[in-house]
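In case you want the letters, here they are:
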Amino acid sequence: GGSDENPSGLQSCMAACCCLEIKQPRFVNEWMLSTKEPKAPSLFQRLCFCQCGPSVRKPSGIEAVPQLRGLAGVTVQAGDHSTAGTLQTLKWANWDPVKRQADL
């Protein structure tokens, strides 16, 4: 299967039950890096994270550091861990320029 396959019926059902969206990877720049107004939290976010309102995205400022600018784009996590192969950006992280640390 390619990355542009449509989700299975089960995946669509589970996403709908949790008020989530399944997005196509080829549009990653639109949905991961967009500064559009945030949507209301999903049922999953409301129940599991107690997030009752939208979370405003504030740029971290990491893109101001020339050596780290690429981390404000979309990166693929590599390694031997549970999130290997997933997409990540530090554009919206909590960045401490003094300590040079980012928290997601």
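Predicted model, so just to flag it, every value in this text is computed and none were measured.

So, how was this worked out
Residues numbered from 1 in each chain as written. Predicted model: local features only at pLDDT ≥ 70, side-chain atom pairs only at ≥ 80, totals over all residues. Heavy atoms only, no water. 1 Å grid on protein atoms, 1.4 Å probe; cavity = no way out; pocket = protein on both sides within 12 Å on 5 of 7 lines; lining within 4 Å. Points joined across faces, edges and corners; volume = space filled by probe spheres on them. Helix = DSSP H or I, 4+ residues; strand = E, 2+ residues; numbered from the N terminus. Nonpolar A, V, L, I, M, F, W, Y, C, P; charged D, E, K, R; others polar. Buried < 20%, exposed > 50% of the residue type's maximum accessible area, 1.4 Å probe, protein only. Contact = heavy atoms within 4.5 Å. Phe/Tyr/Trp six-rings, centres within 6.5 Å; stacked < 30°, edge-to-face > 60°.

(A) Just the layout of surface pockets, in detail. Estimated volume of the largest pocket: approximately 1400 Å³. Contributing to the lining of the largest pocket are 30 residues, with Lys23, Trp31, Met32, Gln45 and Arg57 lying nearest its centre. Elements that contribute at least two residues to the lining of the largest pocket include exactly α2 (28–32), α3 (43–49) and β2 (87–88). Classifying every residue of the lining of the largest pocket gives 16 nonpolar, seven polar and seven charged.

(B) Region of the structure containing the side chain of Ser34. Position of Ser34 relative to the elements: it lies in the loop between α2 and α3. For Ser34, a relative accessible area of 16% corresponds to the buried category. The residues contacting Ser34, other than those within four sequence positions of it, are Asn29, Arg57 and Trp92.

(C) Representation of the packing of aromatic side chains within the structure. The tally for this structure, following the rule as stated, stands at one aromatic pair. Their ring planes at 85 degrees and their centres at 5.4 Å tell us that Phe44 and Phe49 sit as a pair that is edge-to-face. The exposed category is assigned to Phe49, whose relative accessible area is 54%.

In short, geometric facts, not functional conclusions.
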